[in-house]
Amino acid sequence: MGKKRFVLYDGRAVGGNTDDALVMDMAETEKEARKAGSTTWHGQDGIWYEYDERGDELVGGTPRFNLPPREV
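Residues numbered from 1 in each chain as written. Predicted model: local features only at pLDDT ≥ 70, side-chain atom pairs only at ≥ 80, totals over all residues. Heavy atoms only, no water.

S.K.: Would you explain the environment of Gly-16 in this entry?
M.R.: The residue Gly-16 is located in the loop between β1 (3-10) and β2 (23-27) in this model. On the accessibility criterion, Gly-16 (47% relative accessible area) is partly exposed. Each C-alpha atom, one on Gly-16 and one on His-42, is 21 Å from the other, the two residues being 26 residues apart in sequence. (Helix = DSSP H or I, 4+ residues; strand = E, 2+ residues; numbered from the N terminus. Buried < 20%, exposed > 50% of the residue type's maximum accessible area, 1.4 Å probe, protein only.)

Okay, structure coming up:
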């Protein structure tokens, strides 16, 4: 199992386009992303994406609607 990386984008990435969105934060684990989303980013318009880390590249971005601040 490869390493994961979690990237928090601003709300413009909710529809799936991360190209125009700003990176607000990064986390190495889901637990770290959940904690930052619940504290630092609580109430902000943003969404976490989960990536596979392959060398210097992040691939396979999957929106994580179940993580705060976009938690549903």
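S.K.: Quick question: what am I supposed to make of the pattern of salt bridges here?
M.R.: A side chain of one charge can pair with a side chain of the opposite charge when the charged atoms of the two come close. Per the counting criterion, the structure on display carries nine salt bridges. A salt bridge links Arg-5 to Glu-28, with the shortest nitrogen-to-oxygen separation between them at 3.7 Å. Separated by 23 residues along the polypeptide, Arg-5 in strand β1 and Glu-28 in the loop between β2 and α1 (30-38) bring together distant segments of the chain. With relative accessibility at 46%, the residue Glu-28 sits in the partly exposed group. A salt bridge links Asp-10 to Arg-12; the nearest nitrogen and oxygen atoms lie 2.7 Å apart. Judged by relative accessible area, Asp-10 falls into the buried class, the value being 11%. One continuous salt-bridge network, built from bridges that share partners, spans Lys-4, Glu-30, Arg-34, Glu-50, Asp-52 and Arg-64. (Salt bridge = Lys/Arg side-chain N within 4 Å of Asp/Glu carboxyl O.)

S.K.: Just checking my understanding: could you explain the nonpolar core for this structure?
M.R.: Grouped burial of nonpolar side chains is what soluble globular proteins tend to show. Phe-6, Leu-8, Ala-27, Ala-33, Ala-36, Trp-41, Trp-48 and Leu-67 together form the largest nonpolar core, which totals eight residues. Elements that contribute at least two residues to this core include exactly β1 and α1. Those residues in contact with Leu-67, other than ones at most four positions away along the chain, are Phe-6, Glu-30, Ala-33, Arg-34 and Trp-48. Core analysis: the next-biggest nonpolar cluster, separate from the first, contains seven residues, Tyr-9, Ala-13, Ala-21 and Tyr-51 among them. (Core = buried A, V, L, I, M, F, W, Y, C linked by side-chain atoms within 4.5 Å. Contact = heavy atoms within 4.5 Å.)

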